[in-house]
Amino acid sequence: METLKCWRSLHGYIVVFTFLTTVSKGSTCEAPSSPQCFRRKADESVYVCEWSMNTTESDVMFDLHFDGTKFRSIKKNSSEFNEEQLITSRPVYVWVVAHVGESSCTSSRMSVTLKHIVKYEAPQNISMSWLENNLNLSWIEAEKHPALAEVRFRQHEHPTESWEHRKTNTSSGSSMYRVIVANLLRRTAYQVQIRHRSSQAKNPLWSDWSQVVIVPAELEQKPEVTIKMKLVNGAREVALMWKPMPHAAAVAGVTYSLNKSSHGCPCVKRRHHIDTNSNKRTIYVSYSAVNISVIAANPAGHSPPAIIQIPAEPVADLKICDKTLLDKKLNKTTCLELHDLQDGDSKPENVITLMAMKRKEREQIRKTVKDYVRYLYFENRCDGWKSQTVKMCLFYQKEDVPLRPQQLNSSGETHSSVIISWKAIPPVDQRGFLTHYSLCRVKISSQDEPKVCYNISASLTKHRLENLSPGSKYNISLAGVTRVGEGLKVTKTLTTLPEKLMNAWWSLSLLFVFFFISTTCTCILKRIKNKIFPPVPTPVIPAFSPYQPESQMMLERKEEVHDLTLHQLQPEGKSVPEEAEETYVPGGEWDDGSDEDVENERDDSRMSGGSADECLSPGSTDEALRSSRGEKLTDLEQVDNEIAMLTYRNGLVFDVKTD
């Protein structure tokens, strides 16, 4: 009996030890979460069951139980089952048992009706765009009907901030779910996550959260592009550079798209994509007009295009095409461009392009070339991957006479000339190569004066007509001339100004006034000068030439002597008697024979050595004259010195000052 008690006691210890051992081993196994079993869509026949478990063991095995049905040895945290394997129409209990080594742990049981449970995949391929301050989000729809979505977001610059949640119903269409998150800042970058669930299932489950998506700021401004261009072997090298986009718009990367909208050779790539690290690009274009657009794009949208218009390369003295390849067969490296110049400018949208193609297609394009229309002809060829222009000229398929010029005006009319001006014939009305203008004038009601015409350069829009008759009427006509002939004329009648006689009278009057004023001023100035600086009279000194008479007969000339009284000049300081101040000449006043009297006075002065009160008789005068004439040059020099000292006073008396 005691032995039996001991055995029972030992068995009890063994059971307790076994239990404690089991409990100690099972304590390392953490029970998994309750399984979720569902379909991805309401019309699918495959069910997915998934659960989670916090363990680091790699050899964990799971058993999934559906009431009495058991699915063993599942190595993952999820498993798929066909609808035939499960009970879907009524509630069943579902649980999972995890086996870790020799221990196991069981999840809690859940009662579910499988056909009522739907769980969508996490949203994928999320696209975004800005509309004002509203963020539009779209992703691939799970089912054809709308769903309920939950969006959480935070600013990209503050990744540690808590998420802000918004729930809304989606709109569906074009196989996409769409939601709008309102009242955000379009110039700010955000981090966004989305999850959704069915709105039709009785027991829908939230999908997993999508990956974090970075929503950049909106690209509001077009790229600021600058270009540098140079000519290289018949092509133009265009170097494009632009500034980087703002940081908030470039957090998710920026790509640039270059679009060359031209009708050039097919060897030129129409579109160039550039990665975000590059802000420059070099392309080659031909001499023809081209538009280059640069567009910046990020995941939230794209910027407005920056359009660079590059006109056709101007060529001085552009020639007329002598021959073209329009009717020739072209190879693959050659293409032709015809730019319509009706508006005077080349636009890429008005370009006809011919290249290597089928004959019928080529003929169809060839028919689009119009008559009487000016084209800019380009012959382009491919040089590697560059487009090169080898010929450029002006082309008319067919020419005609031009239409009439517009706005024939006259200005600057005079009695003999007038300026004629007009508006140039626009290219659309020239209908051919304009060589010159023909300007003609003809005088009305005149049989003598013929019609006169002038050839005016096609680049000029005015001309002066000269040598016209005053006060006459003229008919003026103007017409454009092409290689085909002279076009329609525009006419104008004008009248020259009559010749004005008043102009001549005014000229003469002004000339007379000028001379009158100049003469008057001269007289006034002379009178002023005479008052300030009175003139000093110059004494009359007859010319005296001493010479020896040729004969004695000349010395014996009879002289007529009038009654006169000679007085001796008194030296300075001595008074002269009052009656001696005047010389009495009984013969009367001085006349034209004053020269002879002056000569007598000279002789009297030589004889003044006698008595002052003594009067000389005529006989003594003759004697004195003979003696004086016998004197030599010494006496003549003395006379000259005395004459030089004469001072004219009161017009009658000569005083002699002696030293």
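For the structure itself, consult the block above.
Computed from a predicted model, the values in this text were never measured in an experiment.

(A) Examining the state of the cysteines more closely. Within this structure, the stated rule accounts for 3 disulfides. The disulfide that involves Cys-37 links it to Cys-49, with 2.0 Å between the sulfurs. Given an S-S torsion of about 115 degrees, the disulfide between Cys-37 and Cys-49 has right-handed geometry. Of this pair, Cys-37 sits in strand S1 (residues 36-38) while Cys-49 sits in strand S2 (residues 46-50); the two residues are 12 residues apart in sequence, bridging distant segments of the chain. Bridging Cys-440 to Cys-453, the disulfide has an S-S length of 2.0 Å. Disulfide Cys-440-Cys-453: torsion about the S-S bond near 110 degrees, hence right-handed. With Cys-440 in strand S33 (residues 434-443) and Cys-453 in strand S34 (residues 452-457), this pair connects stretches of sequence that are 13 residues apart. Its relative accessible area of 42% is what places Cys-453 among the partly exposed residues. In this model Cys-521 remains outside any disulfide bridge; the closest cysteine sulfur is found in Cys-523, 9.4 Å from its own. When its relative accessible area of 40% is taken as the criterion, Cys-521 is described as partly exposed.

(B) View of the sheet that holds S2. Strand order in the open sheet formed by 3 strands is S1-S2-S5, with antiparallel pairing between adjacent strands. The open sheet terminates on both sides in strands that have one partner only, identified here as S1 and strand S5 (78-82). For this sheet the average axis-to-axis angle between neighbouring strands, irrespective of direction, equals 20 degrees.

(C) Just the packing of aromatic side chains, in detail. Enumeration according to the criterion identifies 12 aromatic pairs in this entry. For the ring pair Phe-66 and Phe-71, a centre distance of 5.8 Å and an interplane angle of 85 degrees mean the geometry is edge-to-face. This pair shows no difference in class: Phe-66 is buried, exactly as Phe-71 is. Ring centres of Phe-153 and Tyr-190 lie 6.2 Å apart, and the angle between their planes is 80 degrees; on these two criteria the pair is classed as edge-to-face. Pair noted here: Phe-153 is in strand S12 (residues 147-155) and Tyr-190 is in strand S16 (residues 190-198), with a separation of 37 residues, a long-range link. What makes Tyr-190 buried here is its relative accessible area of 5%. One aromatic cluster in this structure is built from Phe-66, Phe-71 and Phe-81. One residue, Arg-109, lies across the ring of Trp-95, its end atom 3.8 Å from the ring centre. Note that Arg-152 overlies the ring of Trp-209, its terminal NZ or CZ placed 4.2 Å from the centroid.

What counts, and at which threshold
- Residues numbered from 1 in each chain as written.
- Predicted model: local features only at pLDDT ≥ 70, side-chain atom pairs only at ≥ 80, totals over all residues.
- Heavy atoms only, no water.
- Disulfide = S-S within 2.5 Å.
- Helix = DSSP H or I, 4+ residues; strand = E, 2+ residues; numbered from the N terminus.
- Buried < 20%, exposed > 50% of the residue type's maximum accessible area, 1.4 Å probe, protein only.
- Pairing = 2+ DSSP bridges.
- Axes fitted to C-alpha atoms, helices over the stretch in contact; angles between N-to-C directions.
- Phe/Tyr/Trp six-rings, centres within 6.5 Å; stacked < 30°, edge-to-face > 60°.
- Lys NZ or Arg CZ within 6 Å of the ring centre and 35° of its normal.

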